[in-house]
Amino acid sequence: MKRLKSTFLIFLLFSLVATILPSVAGAESTSLLGGKTIRTGSNPTNLLGSTVNVTDNNPATSYSLPTRVSDANLVDFLIYNFSTPQTIDAFKLHINNYNNYQFIIGFRFSDGKPEYLLTRGGNLSVGGDNAIHLLPQSLTNVIQVFLVHDNVNRSLGINEWDFYKLTSNLTANSGDSEITLDWTTVDGASSYVVKRSTSPGGPYDILASGLTNNTYVDLNVVNGVTYYYVIDSIHANGVVTSNEASATLDIPNQEPEEPTDGRALLTIYVSGGQIKEYDLSAAELNAYLNWYDAKDAGSGPAKYAFTKTWNKGPFKTRTEYVIFDKILTFDVDEYEVENP
């Protein structure tokens, strides 16, 4: 019977946490302190003991945290040092019989940023209950967290203490002159903001805001450019930014032009008043134009040969030469040959 009761309590607790967590539907929320050993001390650097009562996911256990005083031998801090820098989006602090008591959660960083403090009753208006709350802003490169309070002549019974990294999975897929974004919705988010950059990591420009669905199509894109996107989910007390996703519109392959049956009548006016006409295919006209342009630029032969296929008479071939220096001007009249 005792085992059955314990199993029911664990199931009930799991259901409660899943209900209140402002997490991602279908995405992941990563507990950072669950099951870890928390150090105790007189300040964040003077470690004197340890406890697991605040990270065992058991509401029946707790740690009595006394009021902070200036005594190097008194344990009045809870401290955890991460082995690697962490990103933190949310926290939970469950205080036994909580009644608007003040507390301070501190964050220290691996990249030299100054210590950041959240104070209940100051810059923090939530916490103390068994709910998981977003931080006012997502914090990166966190290497240490600590908990302390200044309630005079009172110890706080800390039932649970944890931090979370929330991930909303954003994907970007290129299509026909567009890039489609899809992301997993975040419970508790009132709306979403789509941001874009042409550089990884930003800075980002806002493409759309106030979105309530979880998809967006970017039509203002250029072939060959890689775009980088993030999604901000807007909550009552903060913002959670998604992972960065990128996509590139490929430059389409140019299909070779189909050969045409186009022809042209080339009329050349030469010195002395002579006019010469040649009925040429597109390829023959291009060959003449290439010769003329090259010679005009100072290279190539001085004359151009046209092979006559008309009025040949008894001759095997008839070739007519045009001298570059004698050409005054010429006209090109293109036409299409209708297929029979």
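Residues numbered from 1 in each chain as written. Predicted model: local features only at pLDDT ≥ 70, side-chain atom pairs only at ≥ 80, totals over all residues. Heavy atoms only, no water.

Caption draft 1: Focus on the overall build of the protein. In terms of regular secondary structure, the protein is built from 2 helices and 22 strands. Burial analysis of the protein (340 residues in total) assigns 39% to the buried set. A sequence separation of at least 24 residues applies to 66% of the contacts in the protein between residues at least 6 apart. When the accessible surface of the protein is split by element, carbon and sulfur atoms take 50% of a total near 19300 Å². (Helix = DSSP H or I, 4+ residues; strand = E, 2+ residues; numbered from the N terminus. Buried < 20%, exposed > 50% of the residue type's maximum accessible area, 1.4 Å probe, protein only. Contact = heavy atoms within 4.5 Å. Areas by Shrake-Rupley, 256 points an atom, 1.4 Å probe, with all protein chains shown as cover.)

Caption draft 2: The arrangement of the sheet that holds strand E18 (residues 262-270) in detail. Here we have 3 strands laid out as an open sheet, ordered E19-E18-E22, and antiparallel in their pairing. The sheet is open, and its two borders are formed by strand E19 (275-281) and strand E22 (327-336), each paired with just one other strand. Within this sheet the neighbouring strands show an average axis-to-axis angle of 20°, counted without direction. Bridge count between E18 and E19: 7 bridges; the pairing is antiparallel. Across the sheet, Leu 266 pairs through a bridge with Tyr 278, a residue of E19. Sitting on the sheet, helix H2 (residues 282-296) is in contact with E18, E19 and E22, with an inclination near 125° to E19. (Pairing = 2+ DSSP bridges. Axes fitted to C-alpha atoms, helices over the stretch in contact; angles between N-to-C directions.)

Caption draft 3: Layout of the sheet that holds strand E14 (residues 215-218). Within the open sheet, the 3 strands sit side by side as E10-E11-E14. Their pairing is antiparallel. Every other strand in the sheet has two partners, leaving strand E10 (170-174) and E14 as the edge strands with one partner each. If you compare each strand with its neighbour and ignore which way they point, the axes differ by 20° on average. Note: E10 against strand E11 (residues 179-183), 5 bridges, orientation antiparallel. For Thr 171, the partnering residue across the bridge sits in E11 and is Asp 182.

Caption draft 4: Representation of the pattern of salt bridges in the model. Overall, the coordinates contain 7 salt bridges when judged by the stated rule. The salt bridge partner of Arg 196 is Asp 218, with a shortest N-O separation of 2.8 Å. Placement of Arg 196 in strand E12 (residues 191-197) and of Asp 218 in strand E14 is noted, with a sequence separation of 22 residues between them. Asp 218 sits in the buried class, given a relative accessible area of 2%. Lys 276 is the salt-bridge partner of Glu 320, the closest N and O atoms lying 3.8 Å from each other. Within this pair, whereas Glu 320 is found in strand E21 (residues 318-323), its partner Lys 276 is found in strand E19, the two being separated by 44 residues in sequence. (Salt bridge = Lys/Arg side-chain N within 4 Å of Asp/Glu carboxyl O.)

Caption draft 5: Region of interest: the nonpolar core. Formed by 31 residues in total, the largest nonpolar core has its most connected members in Phe 107, Ile 158, Trp 161 and Phe 163. When residues in this core are grouped by element, the largest group, 7 residues, is from strand E5 (residues 77-95). Filtering out sequence-adjacent residues up to four positions away, Ile 158 remains in contact with Val 54, Thr 61, Ser 62, Tyr 63, Leu 65, Leu 78, Leu 93, His 94, Ile 95 and Leu 147. Within the second largest apolar cluster, 18 residues are counted, among which are Leu 170, Trp 183, Ala 208 and Tyr 227. (Core = buried A, V, L, I, M, F, W, Y, C linked by side-chain atoms within 4.5 Å.)

Caption draft 6: Summary view of the side chain of Lys 276. Since its relative accessible area comes to 19%, Lys 276 is described here as buried. With sequence-adjacent residues up to four places away left out, Lys 276 is seen in contact with Leu 266, Thr 267, Ile 268, Glu 320 and Val 322.

Any link to function would need more than the numbers given here.
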